[in-house]
Amino acid sequence: MNVQWYPGHMTKAMRQMQEDIKLIDIIIELIDARIPLASKNPDIDKLGNGKARLIILNKCDLADDKETKRWEAYYRSKGFFTLKMDARKSGSMKPVVDKIEEACAEKLEKNRRKGIINRPLRAMIAGIPNVGKSTLINSIVRKGSAKVGDKPGVTKGKQWIKFGKTVELLDTPGVLWPKFEDKEVGMKLAAIGSINDTILDMNEIASYVIDYLQKNYCNALKERYNIEVDGKPHELLERIAVLRGALKKGGEADSDKAALLLVDDLRSGRLGRISLEKLSLEKADMINEEEK
C-alpha cells in the first residue's frame, strides 16, 4: 500500500517554519504516545538544531503506560525534555509552562544578567497531523484560540498565541515528511489517523493492526469482540463482521465495514491502552547503561 501524502501546503509550511525558527527559543514537538518513533518528524530535528527541545507524548491515556515511560526515558537519554499528557484534559497549562521554563533556564538566566526581565519565551509548537497540537493550545489558553479538527491538515496558516506574561506560542500546521523509508511507519501513522483515510486501504490497515495485536495485546481482541484470536487477520475480520452485524446483502461478512470498526475502536481507545511501538531491547539497554 502506498501511503505517501505530502501535499503542497506541507512544503509551504516547512519553508515558513525554517523562516520562523530564528525567532524561537524552544521547539515543542508533539508526538503520539502510541507511536513515539513513527510520529516524530525527522525534519524537525534538522530544523531545531541548537534550540531547546521539549517532546510531549500526547494521547498518553490511549497508550500503554509502561511503554510510554520507557519512551520518555529514551528521549531524555537523547537530550530532550519530555512530558506525557492528555491534551484534552483541563489544567494542561502549568505542566507545559514549567517544562518550557526548565528547558529554557539558561536562556532565562542570560536574559536576567542582561536586565531583560519580562521578555516572554517564544515557543514553536510542531508535529505531524492529528497529534493534538490545536487541542493542546486550546487547553492551555482555555478558549477557542486555534481551530481544532479531527482530520489531518485542518490547522492552516500561522498564528501566535500569548498566555500570561511567560510564553508566546507559535502554532504551525501539521507536517509529515516527503517519503516514508519504512512501509511500517506509514502503516502506523495510518492506523492512528495521521494520514487522510480517503487515500488508504482500511482493510490492509486493519489487518496490520490485528496482526500486531495478536502478537502483543491478544486479550484486547478477545475482550472487545469476544472471539478467538487464532487464524489470519482476514479471518478475524470476518468473525468480527459477523459478530457485529457488519453484513452484506445475503448475510455475507462485510470485512470492509469490520475494518473501519476495528480501526475506529483502536483510535478511540475502546480496545484498551495500546502502544503500537515498543522500545527495542537495544534501545532499552542503552538507556540502562546511561542511567548507571
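All values reported here derive from a predicted model rather than from experimental measurement.

Criteria and cut-off values
- Residues numbered from 1 in each chain as written.
- Predicted model: local features only at pLDDT ≥ 70, side-chain atom pairs only at ≥ 80, totals over all residues.
- Heavy atoms only, no water.
- Phe/Tyr/Trp six-rings, centres within 6.5 Å; stacked < 30°, edge-to-face > 60°.
- Lys NZ or Arg CZ within 6 Å of the ring centre and 35° of its normal.
- pLDDT = per-residue confidence, 0-100.
- Contact = heavy atoms within 4.5 Å.
- Salt bridge = Lys/Arg side-chain N within 4 Å of Asp/Glu carboxyl O.
- Buried < 20%, exposed > 50% of the residue type's maximum accessible area, 1.4 Å probe, protein only.
- Core = buried A, V, L, I, M, F, W, Y, C linked by side-chain atoms within 4.5 Å.
- Helix = DSSP H or I, 4+ residues; strand = E, 2+ residues; numbered from the N terminus.

Brief notes about the packing of aromatic side chains
Scanning the entire structure with this criterion turns up five aromatic pairs. For the pair Tyr212 and Tyr217, a centre-to-centre distance of 6.3 Å together with 40° between the ring planes defines the contact as tilted. An aromatic cluster is built from Trp71, Tyr74, Tyr75 and Phe80, whose rings are joined through pairwise contacts. The ring of Tyr217 carries Lys278 above its face, with NZ or CZ at 4.8 Å from the centroid.

As for the confidence of the model for the protein
With 80% of its residues at a pLDDT of at least 70, the protein reaches an overall mean of 83. Scored below 50 in pLDDT, residues 1-6 makes 29 contacts in the model with residues more than four places away or belonging to other chains.

What about the pattern of salt bridges?
Under the definition given, this model contains 27 salt bridges. Here Arg34 makes a salt bridge to Asp32, at a shortest N to O gap of 2.7 Å. Residue Arg34 is classed as buried on the basis of its relative accessible area of 3%. Asp32 gets classed as buried once you look at its relative accessible area, which sits at 0%. Where salt bridges share partners, they join Glu29, Lys40, Asp45 and Arg53 into one cluster.

What to know about the nonpolar core
The biggest cluster of nonpolar side chains holds 62 residues, and the ones touching the most others in it are Ile28, Ile56, Ile100, Leu136, Leu169 and Ile205. It is helix H8 (residues 202-216) that contributes the most residues to this core, eight residues altogether. Excluding anything up to four places from it in sequence, Ile100 contacts Ile26, Ile28, Leu54, Leu121 and Val167.

Comments concerning the environment of Ala33
Checked against the element boundaries, Ala33 lands in the loop between strand S1 (26-32) and helix H2 (42-47). The class of Ala33 is buried, set by a relative accessible area of 0%. With residues up to four places along the chain from it excluded, the contact list for Ala33 reads Leu57, Asn58, Lys59, Cys60, Ala63, Thr68 and Ser275.

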